[in-house]
Amino acid sequence: MKKTIKSVRSIATPDAKLAMAHMYVAFAALFIGATCGLLQTLERSGKFTIPGGFNYYQILTVHGVMLGLVLTTFFILGFMLAAQSKTAGSYSKGELRLAWTGFWMMTVGVVVTSYFILINKATVLYTFYAPMMAHPGFYIGLVLVIVGSWLIGFTVFKRHSRWRKENPGKKTPLLSYMAVITLVMWQIATLGVAASVLIQFLPMSLGITETIDVLVSRTLFWYFGHPLVYFWLLPAYMAWYAIIPKIIGGKIFSDTLARLSFVLLLLFSIPVGFHHQLTEPGIDPFWKYIQVILTMLVVIPSLMTAFSLFATFEARGRELGGKGLFGWVKKMPWKDVRFLAPFIGMVLFIPGGAGGIINASNQMNQVVHNTIWVTGHFHLTAATTVILTFFGIAYWLIPSLTGRKLTASLNRWGIIQTIVWTVGMLIMSGAMHWQGLLGGPRRSAYSEYAGNADTMAWGPYQMAQAVGGTILFIGMVIMIVIFIRLAFFAPKGEEEFPVATLSHDAGETPKVFENWKLWIGITLLLILFAYTIPFIDIIQNAPPGSPGFKLY
Amino acid sequence: MTQAPMEEHEKDVEKEEENEFKGTFIAVMLLGLFLIASWVGVWILFLIR
Amino acid sequence: MNMHKYEKIWLWFGTVTLLVFLTVVGISAFYMGNQPPSCAVTIDPAKAAKEAPFNEPGLKQIGDNEYQLTVLASAFHYDVGEPDGIVEIPKGATVHISATTSDVIHGFELAGTNVNMMLEPGYISTYTNTFKNEGTFTLLCNEYCGTGHQTMAATIKVVD
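Each residue is numbered by its place in its chain's sequence as written, counting from 1. To read the labels, note that chains go from A and ligands from 1, taken in the order they are written. For this predicted model, a pLDDT threshold of at least 70 governs which residues receive local features, and a threshold of 80 or more governs which side-chain atom pairs are given and counted, while totals over whole chains, interfaces and linings are taken from all residues. As a rule here, side-chain values cover all heavy atoms of the structure and leave hydrogens and water aside.

### Re the overall build of chain B
How we decide: Only DSSP runs of H or I covering at least 4 residues are called helices, and only runs of E covering at least 2 are called strands; the numbering of each starts at the N terminus. Computed with the Shrake-Rupley method and a 1.4 Å probe, the accessible areas treat only the protein chains shown as cover for residues.
Within chain B, the regular secondary structure consists of two helices and zero strands. Accessible surface, chain B as shown: approximately 3,300 Å² in total, 64% of it carbon and sulfur.

Dropping the structure here:
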């Protein structure tokens with residue numbers, strides 16, 4: 001008798017389809033963005049011209065927008081929707097409608113913005129600093145992406161609130177809680193960039209206003225720009241805290257400490273934007289230093305996270321018989337790509353985070369500002385820690401959403417992908433860090449500048465970046481193939497959506513964590529503290545505004 | 001005078017709980033040393049330039 | 001909330017380390033004059049090239065081993081007051097650098113030194129550097145400013 005294999009999704013089909021929609025856009029963005037990255041490293045070897053008549057900075061704009069904004073945002077929102085559906089329960093028809101509206105707004109926005117970048121009307125890089133101007137379409141597209149993401153945020157808030165009403169007095173599911181924290185942070189942060197785009201950039205690109213206050217626009221951008229990177233990081237932390245323990249067969253180390261770390265990340269991720277503006281004129285160095293202090297505070301929840309994770313591994317490893325100081329290391333499931341990829345992401349967060357602390361250290365920033373060290377830094381943190389964790393999630397999430405299985409063969413390919421990515425990144429990011437210390441700039445096409453010896457010394461590092469970039473491109477192609485197989489061709493079945501549980505002797509989680517008014521209140525107070533005086537100062541002492549420039 | 005059996009057992013349990021995370025402790029301390037070493041390295045670069 | 005003894009020690013160690021970092025940079029910045037470049041003086045970017053001091057960029061000696069270097073940046077050029085774009089500075093000299101841009105944001109990075117600041121239209125950027133080390137240093141733009149961004153460069157030669 002023939003046995004029919006049932007295709008079983010881990011969450012309700014309408015929710016799964018919503019989450020998968022996000023994944024399709026995310027992986028399409030990965031393909032386009034990473035291809036651009038390859039072209040960039042090849043151009044900077046000095047031996048390659050970008051085909052198709054595209055200039056370096058256009059490709060760089062696509063690279064940043066596709067990978068830093070589209071891949072991240074879409075993967076994150078899809079992952080959160082799935083995780084909330086799994087742990088808090090399915091979405092209502094109204095919630096789904098809201099989320100789908102958000103998805104389509106974002107997708108249309110991406111297409112619009114991308115179009116204008118590709119026809120060279122928006123070669124302004126993903127940070128679009130004034131007074132460089134883009135076609136209004138570029139900004140309109142971005143607004144659609146941001147507002148669309150808000151709608152998805154509202155969906156997540158609504159579902160969380162509904163769970164609390166339906167389960168009065170009970171502790172909320174950890175993944176739902178963490179999703180809400182992340183999206184509250186996103187909501188508050190995006191207000192800054194939305195204000196700047198709507199009030200400053202869009203009117204000017206439409207010809208309604210003649211000049212723009214450059215420093216105000218930068219300050220609003222970086223008010224958003226720092227929490228942006230925590231918007232990328234927190235979903236990775238979600239997987240580390242609440243999913244990885246299940247994959248290794250262990251337990252959550254501490255639900256309370258996990259929630260505490262997220263609250264601290266909410267509080268301290270936003271009032272720190274000045275550490276991206278340390279070498280700018282017009283900002284009082286006293287307030288730069290205040291925001292540097294706040295930046296150091298935001299390191300603390302990550303230190304907590306490091307302890308929690310090692311402790312989770314050690315507890316499980318000892319349970320499996322690991323002896324001595326590090327015997328538990330051997331007991332980890334190294335051949336399971338769902339563990340391996342995120343684990344490598346964790347390890348590379350050590351140099352990544354170290355670099356971040358260096359970057360934020362006030363006048364020390366002058367050693368590295370706008371050098372390619374910074375690029376090396378975020379290729380460790382965003383492009384390795386976060387992305388390898390996301391890939392690690394994809395191996396089980398995609399099949400669990402499509403009713404397929406992660407086969408042994410795809411797991412093996414995943415391990416190959418992970419190693420290829422890691423090797424490529426170590427070479428490329430390593431070379432970037434070193435070249436940066438030697439003064440090599442970021443965001444720059446190949447050049448010999450004034451022909452001095454210091455510039456000639458950078459050549460070999462750019463070669464190394466081309467080698468690393470090529471290896472990474474191969475790694476990307478492998479991942480895209482894996483994704484397509486998991487989405488469409490892998491054998492039907494049921495893939496687990498791993499959700500970790502607490503050990504039975506864990507204590508009570510204080511109810512104060514769910515006091516949203518309190519945490520949002522403190523977040524806003526900290527922002528007002530860190531920004532009010534310097535921002536008023538910037539506006540009151542503003543020079544004449546700048547007209548727009550199109551130098552591309 | 002030796003301790004009562006109950007107190008000795010408690011001390012053993014405490015020691016065991018401590019050892020349970022000794023590897024974690026060493027690992028994070030190494031992490032901390034890396035943070036310090038890299039920071040000092042770049043600070044020295046700042047000072048000599 | 002129950003925190004394991006080792007975690008408490010770790011967090012204390014980490015927090016104290018961060019405090020030490022803050023203290024070191026704080027003392028260096030506020031008491032030893034190493035603030036990050038934060039000049040508050042404003043200027044009309046449209047008039048910068050025509051008015052003092054940026055109408056006459058270049059190196060001027062203002063004291064014993066003390067100089068003023070005025071630079072006007074624009075897309076895609078640093079006007080350092082020398083036709084070949086090379087400025088010579090004696091080793092050990094203290095140079096007060098003053099720069100601005102007449103159009104978009106440019107970087108002002110002297111590779112291999114701590115001179116690294118943003119030039120933003122409407123603002124003068126200043127930094128005082130003592131050139132302790134001999135050598136040939138490339139001044140370059142490290143903030144995207146258009147298609148010619150990678151062509152913006154000048155040279156500072158520190159000579160004995």
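### Some words on the interface of chain C and chain A
The condition is simple: Only heavy atoms matter for contacts: two residues are in contact if any of them lie within 4.5 Å across the pair. In short, buried area is how much 1.4 Å probe accessible area vanishes from two parts on joining, totalled over both. Salt-bridge detection follows one rule: a side-chain nitrogen of Lys or Arg within 4 Å of a carboxyl oxygen of Asp or Glu. N or O atoms closer than or at 3.5 Å make up a polar contact, with two conditions inside protein: a donor-capable atom paired with an acceptor-capable one, and, for residues adjacent in sequence, both atoms drawn from side chains.
Tallying the contact residues gives 65 residues for chain C and 68 residues for chain A. When the two sides are added together, the surface that chain C and chain A hide from each other amounts to roughly 5,300 Å², 65% of it contributed by carbon and sulfur. Inspection of the region where chain C meets chain A yields two salt bridges. Measuring nitrogen to oxygen at the nearest pair gives 3.3 Å for the salt bridge that ties R218(A) to E120(C). On inspection of chain C and its partner chain A, the count reaches 27 residue pairs in polar contact (both at pLDDT 80 or more).

### Description of the packing of helix 11 (residues 372-402) of chain A against helix 12 (residues 408-437) of chain A
All names here are of chain A. The cut-off we apply is this: Each axis is a line fitted through C-alpha atoms, and for a helix only the stretch in contact is used; angles between axes span 0 to 180 degrees, taken between their N-to-C directions. The cut-offs work like this: below 35 degrees is roughly parallel, past 145 is roughly antiparallel, 65 to 115 is roughly perpendicular, and the gaps in between are oblique. Working rule for handedness: look at the near helix, and if it is turned counterclockwise from the far one by less than a right angle, call the crossing left-handed; if clockwise, right-handed. Gly is put with the polar residues, along with every residue not named as nonpolar or charged; the nonpolar set is Ala, Val, Leu, Ile, Met, Phe, Trp, Tyr, Cys and Pro, and the charged set is Asp, Glu, Lys and Arg.
Viewed as axis vectors pointing N to C, helix 11 and helix 12 meet at an angle of 165°, and their least axial separation amounts to 7 Å. Looking at the two axes, helix 11 sits roughly antiparallel to helix 12. At the point where helix 11 passes helix 12, the crossing takes the left-handed sense. Class assignment of the residues belonging to the contact of helix 11 with helix 12 gives a composition of 13 nonpolar, 13 polar and no charged.

### Considerations on the domain arrangement of chain C
Let me state the cut-off plainly: Here the bounds of each domain stem from an automatic or database domain assignment.
Split by domain assignment, chain C resolves into domain 1 (1-35) and domain 2 (48-159). Each of domain 1 of chain C and domain 2 of chain C was reduced to a C-alpha centroid, and the two centroids are 35 Å apart.

### Considerations on the pairing of strand 1 (residues 58-63) of chain C
All names here are of chain C. Rules: Here, strands pair whenever DSSP counts at least two bridges between them.
Of the strand pairs in this sheet, strand 1 and strand 2 (residues 66-74) are connected by five bridges, and their pairing is antiparallel. Residue pairing across strands places G63 opposite E66, the latter belonging to strand 2. The antiparallel hairpin formed by strand 1 and strand 2 contains two residues in its connecting segment, where N65 sits at a positive phi of about 60°.

### Details of the interface of chain B and chain C
With 17 residues of chain B at the interface, the matching set in chain C holds 17 residues. Summed over both sides, the interface between chain B and chain C buries roughly 1,700 Å², with carbon and sulfur atoms accounting for 71% of that surface. The interface formed by chain B and chain C includes zero salt bridges. Between the two partners, chain B and chain C, sit four residue pairs in polar contact (both at pLDDT 80 or more). Elements represented by at least two residues in the side of chain B that touches chain C include exactly helix 1 (5-19) and helix 2 (22-48) of chain B. If one sorts the elements of the side of chain B that touches chain C by residue count, helix 2 of chain B sits on top with 13 residues. For the side of chain B that touches chain C, the class distribution of residues is 12 nonpolar, one polar and four charged.

### Some words on the state of the cysteines
Residues and elements named next belong to chain C. Going by this rule: Cysteine sulfur atoms that come within 2.5 Å of each other are treated as a disulfide pair. Working definition: with a 1.4 Å probe on protein chains only, accessible area under 20% of the residue-type maximum means buried, over 50% means exposed, and in between means partly exposed.
Under the defined criterion, the tally for this structure stands at zero disulfides over all chains. C145 takes part in no disulfide bond, and the closest cysteine sulfur to it belongs to C141, at a distance of 3.8 Å. Judged by its relative accessible area of 0%, C145 is buried.

### Considering helix 3 (residues 93-118) of chain A
Since the α-helix advances by 3.6 residues per turn, residues separated by three or four positions end up pointing in the same direction. Stated formally: Multiplying 1.5 Å by the helix residue count minus one yields the expected span of that helix.
For helix 3 of chain A, spanning 26 residues, the distance from its first C-alpha to its last is 37 Å, which sits close to the expected 38 Å at 1.5 Å a residue. Just beyond helix 3 of chain A, the residue with positive phi is N120(A), at close to 60°.

### Quick notes on the nonpolar core
The condition that has to hold: Each nonpolar core is a collection of buried residues, namely Ala, Val, Leu, Ile, Met, Phe, Trp, Tyr and Cys, held together in the definition by side-chain atoms within 4.5 Å.
In terms of nonpolar packing, the biggest core is built from 258 residues, with F27(A), F79(A), F128(A), Y78(C) and F108(C) touching the most fellow members. Here this core gets 21 residues from one element, more than from any other, and that element is helix 6 (residues 214-242) of chain A. Beyond its immediate sequence surroundings of up to four residues, F79(A) is in contact with M23(A), P235(A), M238(A), A239(A), I243(A), I393(A), W396(A) and L397(A). Counting residues in each nonpolar core, the second largest holds six residues, with C39(C), I43(C), F54(C) and I124(C) among its members.

### Observations regarding a nonpolar patch on the surface
What counts here: Candidate patch residues must exceed 30% relative accessible area and have no salt bridge, after which like charges are joined if within 9 Å and Val, Leu, Ile, Met, Phe, Trp or Tyr side chains if within 5 Å.
A contiguous nonpolar patch, built from L325(A), F326(A), V329(A), I26(B), L30(B) and L33(B) and spanning about 480 Å² of accessible area, is present on the exposed surface. Mapping L30(B) onto the fold places it in helix 2.

### A short note on helix 9 (residues 285-319) of chain A
Residue and element names in this part refer to chain A. Counted at 1.5 Å a residue, the expected span for helix 9 with its 35 residues is 51 Å, and the 52 Å between its end C-alpha atoms agrees. Here helix 9 lies mainly inside the structure; 29 of its 35 residues are buried. Residue D284 occupies the N-cap position of helix 9, its side-chain oxygen lying 3.0 Å from the main-chain nitrogen of F286. Once helix 9 ends, the next one or two residues include G321, with phi positive near 105°.

### Comments concerning unusual backbone geometry
Comment: phi is negative for the bulk of residues other than glycine, and the bulk of peptide bonds are trans. All names here are of chain A. Cis geometry is found at the peptide bond from A130 to P131, where omega equals 0°. Backbone geometry at N370 places phi at a positive 55°, although glycine is not the residue there. Tracing the backbone shows N370 in the loop between helix 10 (337-359) and helix 11.

### Let's talk about the side chain of T127(A)
Residues and elements named next belong to chain A. Here T127 is to be found in the loop between helix 3 and helix 4 (136-166). Note on T127: relative accessible area 4%, which makes it buried. The contact partners of T127, leaving out residues within four places of it in the chain, are F221, W222 and R443.

### Here we look at the sheet that holds strand 9 (residues 135-140) of chain C
Residues and elements named next belong to chain C. The strand order across the open sheet built from five strands is 4-10-9-6-7, with neighbouring strands paired in mixed fashion. Edge positions in the sheet fall to strand 4 (86-90) and strand 7 (116-119), since each of these pairs with one other strand and no more. Between one strand axis and the next, the sheet turns through 20° on average, direction left out of account. Looking at chain direction, strand 6 (residues 106-110) and strand 9 are connected through two bridges and run antiparallel. Counted as the bridge partner of E109 is L140 from strand 9.

### Overview of the pairing of strand 7 of chain C
Burial along strand 7 of chain C is two-sided: N116(C) and M118(C) facing one way and M117(C) and L119(C) facing the other are all buried. The loop that links strand 6 of chain C with its antiparallel partner strand 7 of chain C comprises five residues; one of these, G112(C), has a positive phi angle of about 85°.

### Some words on the pattern of salt bridges
Oppositely charged side chains can form a pair if their charged atoms are brought close together. Residue and element names in this part refer to chain A. In the structure shown here, the tally under the stated rule is 14 salt bridges over all chains. Linking R162 and E95 is a salt bridge whose minimum nitrogen-to-oxygen distance equals 2.9 Å. Of this pair, R162 sits in helix 4 while E95 sits in helix 3, and the two are 67 residues apart along the sequence. Residue classification places R162 among the partly exposed residues on the basis of a relative accessible area of 24%. Put simply, K405 and E495 hold a salt bridge, and the shortest N to O gap is 3.5 Å. Of this pair, K405 sits in the loop between helix 11 and helix 12 while E495 sits in the loop between helix 14 (459-489) and helix 15 (516-540), and the two are 90 residues apart along the sequence.

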